[in-house]
Amino acid sequence: PPPPPPAAPMPPPSRPSAAAAGAPTAEAAAKRAIYAKRVGEAIFGPQFGELAQAFRRGGRGAEEARRVAHRMAHGRELRASEAELVALRASEVDFGRTIRGLLEDVEECAKTGDKRGELKAGYRVLDLRERHKSVQNKTWRCLKRIEYFERVLEEP
C-alpha cells in the first residue's frame with residue numbers, strides 16, 4: 001500500500017490575553033506578600049520585619065541583616081536550651097528520688113535476708129546511677145551552651 005499523505009502543518013497555538021492567562025493581579029500580589037510575611041514570621045519570629053528592612057537597604061544593610069539573623073537564631077537556640085535545662089533538672093530530681101527509694105529496698109532486703117532481691121535492687125541502683133550521671137553530663141553541656149548563647153547575644 002502507498003504511504004499516507006503528509007499531514008497539514010498545525011497552526012501555531014494562539015496566545016491568550018494576559019488577563020485570561022492568569023497574569024498576576026494586584027490582589028494576587030498582595031496575597032503573596034501577606035503569605036510571605038506570615039512564613040517569614042513563622043520561621044524568624046517577630047523580628048522578621050527588622051530583618052526584611054535590613055535586607056532591603058542593601059550594602060551595609062545586608063551585613064546588618066546577617067547580624068540580625070544570627071541574633072535571632074541564637075535567641076531561638078537560647079530559649080530551646082533553657083527549656084531543655086528545665087526538663088533535665090526535673091529528670092535529675094526524679095532520678096534522685098528513685099535511687100533513694102531503691103537504696104531503701106536494698107536495705108530492706110538485707111534486713112530480711114533476701115539475697116536475690118538485694119542483688120536485683122543493687123543492680124537497678126547501679127544502672128540508675130549511670131543514667132543519672134548521663135543526665136548530669138547533659139545538664140552541664142546545656143549550661144555551657146546557654147552561657148555561650150548569652151555571651152554571643154550580649155555582643156554588639
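Residues numbered from 1 in each chain as written. Predicted model: local features only at pLDDT ≥ 70, side-chain atom pairs only at ≥ 80, totals over all residues. Heavy atoms only, no water.

Participant: Can you lay out the nonpolar core for me, pointing to particular residues and giving the numbers?
Facilitator: In this structure, V125, L128, C142 and I146 are the most contacted members of the largest nonpolar core, which totals 14 residues. If you list the elements that add at least two residues to this core, you get α3 (60-112) and α4 (115-154). When neighbours within four sequence positions are excluded, C142 is seen to be in contact with S81, E84, L85 and L88. (Core = buried A, V, L, I, M, F, W, Y, C linked by side-chain atoms within 4.5 Å. Buried < 20%, exposed > 50% of the residue type's maximum accessible area, 1.4 Å probe, protein only. Helix = DSSP H or I, 4+ residues; strand = E, 2+ residues; numbered from the N terminus. Contact = heavy atoms within 4.5 Å.)

Participant: Give a detailed account of the environment of I99, specifying residues and quantitative values.
Facilitator: Relative to the helices and strands, I99 resides in helix α3. Looking at I99, the relative accessible area reads 9%, which means it is buried. Along the chain, I99 and V125 lie 26 residues apart, while their C-alpha atoms are 5.9 Å from each other. Not counting residues up to four positions away in its chain, the partners in contact with I99 are V125, L128, R129 and H132.

Participant: Got a sec to walk through the pattern of salt bridges? Specific residues and values, please.
Facilitator: Here the structure, examined in full by the defined rule, presents four salt bridges. For R97, the salt bridge identified is with D94, shortest N-O distance 3.6 Å. A residue pair is termed a helical-turn pair when its members lie 3 or 4 positions apart in one helix, as R97 and D94 do in helix α3 at three residues. In this structure, R131 and D127 form a salt bridge, with 3.4 Å as the shortest nitrogen-oxygen distance. Placement of the pair is R131 and D127 together in helix α4, with a separation of four residues, close to one helical turn. (Salt bridge = Lys/Arg side-chain N within 4 Å of Asp/Glu carboxyl O.)

The quantities given are spatial measurements derived from coordinates; they are silent on function.
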